[in-house]
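Close look at the chain arrangement
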2 protein chains.
Amino acid sequence: MIAATPAPPYVAVIFTSQRTDDDVAGYAAMADEMERQAATQPGYLGIESARGDDGFGITVSYWRDAAAARAWKAVADHLGAQRLGRERWYRAYRVRVAEVAREYGFDRDSMV
Amino acid sequence: MIAATPAPPYVAVIFTSQRTDDDVAGYAAMADEMERQAATQPGYLGIESARGDDGFGITVSYWRDAAAARAWKAVADHLGAQRLGRERWYRAYRVRVAEVAREYGFDRDSMV
């Protein structure tokens, strides 16, 4: 579930949100659909998502460049998820668009 | 729980990880201590964290600039969390250092 992104630079869109308690099934269906749609977009590199029992969640999507991230925003807005989200699914959210400069990590299965 | 970050630019350190099932209490104590320590560092702007029941988690810490993020890495390494984490707490993790260029959002409590 850790995205297999290429060597930097590339763009990360960090979406942090606090869910309401409303419409659990509708929200889950929307979130799945958004992830499926994102994966079909030009310049898509991957997505990572986590939400705790307190309803606070973080989704990071990765894109080849700022243009690809902007194009995805236009599609996402068109799908209407953010508009509906404001009213039903989210108490608050924040979107931050950032350029990844470097990365490193660890994977137990890749250890010698 | 959404960090109250200032106007961009600033730096985001995106830490994504897959937990093992081991040492739940020890991990929680380490995570709390790391968040407390981060908040005392120069250039700290905020932190956001979420982990689902599947053990996949994302923590994003925000810093005034790349130098502050690097200094925090040195402190965190010294605290030993990553070294121990490799062996006990994480199946895999990835750290991405990124510069936030723009942000926007929504807060129900701030609506007129």
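Refer to the structure presented above.
Structure report, in brief.

**Focus: the overall build of chain A**
- Per the secondary structure count, chain A includes three helices and four strands.
- When the helices and strands of chain A are placed in sequence order, the string is β-α-β-β-α-α-β.
- Put simply, chain A has 112 residues, and 46% of those count as buried.
- At a minimum sequence separation of 6, the contacts of chain A that also span at least 24 residues come to 76%.

**Some thoughts on the pattern of salt bridges**
- The tally for this structure, following the rule as stated, stands at 14 salt bridges over all chains.
- Notably, a salt bridge pairs A:Glu48 with B:Arg96, separated by 3.2 Å at the nearest N-O pair. With A:Glu48 in strand 2 (residues 44-51) and B:Arg96 in strand 4 (residues 90-107), this residue pair bridges two chains.
- By relative accessible area, A:Glu48 is classed as buried at 1%.
- Under the relative-accessibility criterion, B:Arg96 is labelled buried at 0%.
- In this structure, B:Glu103 and A:Arg96 form a salt bridge, with 3.7 Å as the shortest nitrogen-oxygen distance. With B:Glu103 in strand 4 and A:Arg96 in strand 4 (residues 90-107), the pair connects residues from two separate chains.
- Using a relative accessible area of 16% as the deciding quantity, one classes B:Glu103 as buried.
- Among the ionic contacts, a cluster of salt bridges with common partners joins A:Glu48, A:Glu103, B:Arg94 and B:Arg96.

**Considering the packing of helix 1 (residues 24-39) of chain B against helix 2 (residues 66-79) of chain B**
Residue and element names in this part refer to chain B.
- Packing of helix 1 against helix 2 brings their axes to within 11 Å, and their N-to-C directions diverge by 145°. Between helix 1 and helix 2 lies a crossing of right-handed hand. Residues Met34, Gln37 and Ala38 of helix 1 form the contact with helix 2, whose own contacting residues are Trp72, Ala76 and Leu79.

Reading the values: the criteria
- Residues numbered from 1 in each chain as written.
- Chains lettered and ligands numbered in written order.
- Predicted model: local features only at pLDDT ≥ 70, side-chain atom pairs only at ≥ 80, totals over all residues.
- Heavy atoms only, no water.
- Helix = DSSP H or I, 4+ residues; strand = E, 2+ residues; numbered from the N terminus.
- Buried < 20%, exposed > 50% of the residue type's maximum accessible area, 1.4 Å probe, protein only.
- Contact = heavy atoms within 4.5 Å.
- Salt bridge = Lys/Arg side-chain N within 4 Å of Asp/Glu carboxyl O.
- Axes fitted to C-alpha atoms, helices over the stretch in contact; angles between N-to-C directions.
- Left-handed = near helix turned anticlockwise from the far one by under 90°.

Purely geometric numbers; function is a separate question.
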